[in-house]
Amino acid sequence: KVARVWLRWMPDSAEASNFLGRILAAGNQHVEAELAFREALRLDARHLPAAVALTRFLLTNGRAEDACGVIEPFARDKIGIPEAWLLYGSALASLGRAAQAVELFQKVLQREPGNREVRIILAAALADSGQGAAAEIEARSAISQGLVWAYVAFVLARALMAQGRFDEGEVELHKAVHAHP
C-alpha cells in the first residue's frame, strides 16, 4: 500500500516503481511485478536497481533470454558494473553459453578477488564449458576461502569427473549428499 501511495505522489519515480515491483514479486504477483519493473526502466532506462531486480525476477522464472536483454546494456557499460556482469553471465550460463559466462565471471573476480560465491559460480561455468582442471582450481580456491556449501562439493565433483577422475568425483558427490540429504 505504501508503494502505491508513493507512486501516486511521484508517478514518474523509477525508484517507486522498482520498490512496488519488489513488493509484488515477494507476494508472488508475477505479472504485476514484471510490469512495475519494466515501468521503472521505462521511466529511467539507466536505473540499475530496476534492471537488477527485473533480471533476477526473470532468471528465477526461467526466462534467461529475456533476462539477457534487460541486463546486457548494463554489462556492456564502460564504467564496468560487476553485479551486471554477474547477472548477465548467469543468464548466458542458463542459455548454455558457458564460455561467454566464464569471461564475465572472471571480470567480476578481477574486481572482487575475495568473492568466493562468484568463484564457485565461475567454477561451475568452467566445468560446463569443458575446462575441468580450471574448474577444479576455482572450486578448491572457494573451499580454501571457507565456502562449504553442498553445491561447492557438487561443482568440485563435476570438475573432477570432467577430467576423468570419477572416484574422486564420487567422494565429493557423497559430501554434497551428506551435507544436504
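Calculation notes
Residues numbered from 1 in each chain as written. Predicted model: local features only at pLDDT ≥ 70, side-chain atom pairs only at ≥ 80, totals over all residues. Heavy atoms only, no water. Helix = DSSP H or I, 4+ residues; strand = E, 2+ residues; numbered from the N terminus. Contact = heavy atoms within 4.5 Å. Areas by Shrake-Rupley, 256 points an atom, 1.4 Å probe, with all protein chains shown as cover. Patch = residues over 30% accessible without salt bridge, like charges linked within 9 Å, V, L, I, M, F, W, Y side chains within 5 Å. Salt bridge = Lys/Arg side-chain N within 4 Å of Asp/Glu carboxyl O. Axes fitted to C-alpha atoms, helices over the stretch in contact; angles between N-to-C directions. Parallel < 35°, antiparallel > 145°, perpendicular 65-115°, else oblique. Left-handed = near helix turned anticlockwise from the far one by under 90°. Nonpolar A, V, L, I, M, F, W, Y, C, P; charged D, E, K, R; others polar.

Caption draft 1: Representation of the overall build of the chain. Check the secondary structure of the chain and you find eleven helices and zero strands. In sequence order, the secondary structure elements of the chain are arranged as α-α-α-α-α-α-α-α-α-α-α. Dimensions of the chain, computed from the C-alpha atoms along their principal axes, are close to 60 × 40 × 25 Å. The long-range fraction of contacts in the chain, counting pairs at least 24 apart against all pairs at least 6 apart in sequence, stands at 42%. Of the roughly 9,700 Å² of accessible surface on the chain, 57% is carried by carbon and sulfur atoms.

Caption draft 2: Focus on a nonpolar patch on the surface. A contiguous nonpolar patch, built from Trp149, Tyr151 and Phe154 and spanning about 300 Å² of accessible area, is present on the exposed surface. Assignment of secondary structure puts tryptophan 149 in the loop between helix H9 (132–144) and helix H10 (150–162).

Caption draft 3: Up close: the packing of H9 against H10. H10 packs onto H9 with a crossing angle of 155° between their chain directions and a minimal axis gap of 8 Å. Taken together, the axes of H9 and H10 lie roughly antiparallel to each other. At the point where H9 passes H10, the crossing takes the left-handed sense. Where H9 abuts H10, its residues Gly132, Ala135, Glu136, Ala139, Arg140 and Ile143 lie against Val152, Leu156, Ala159, Leu160 and Ala162. Classifying every residue of the contact of H9 with H10 gives eight nonpolar, one polar and two charged.

Note that all results are geometric; they support no functional claim without further evidence.
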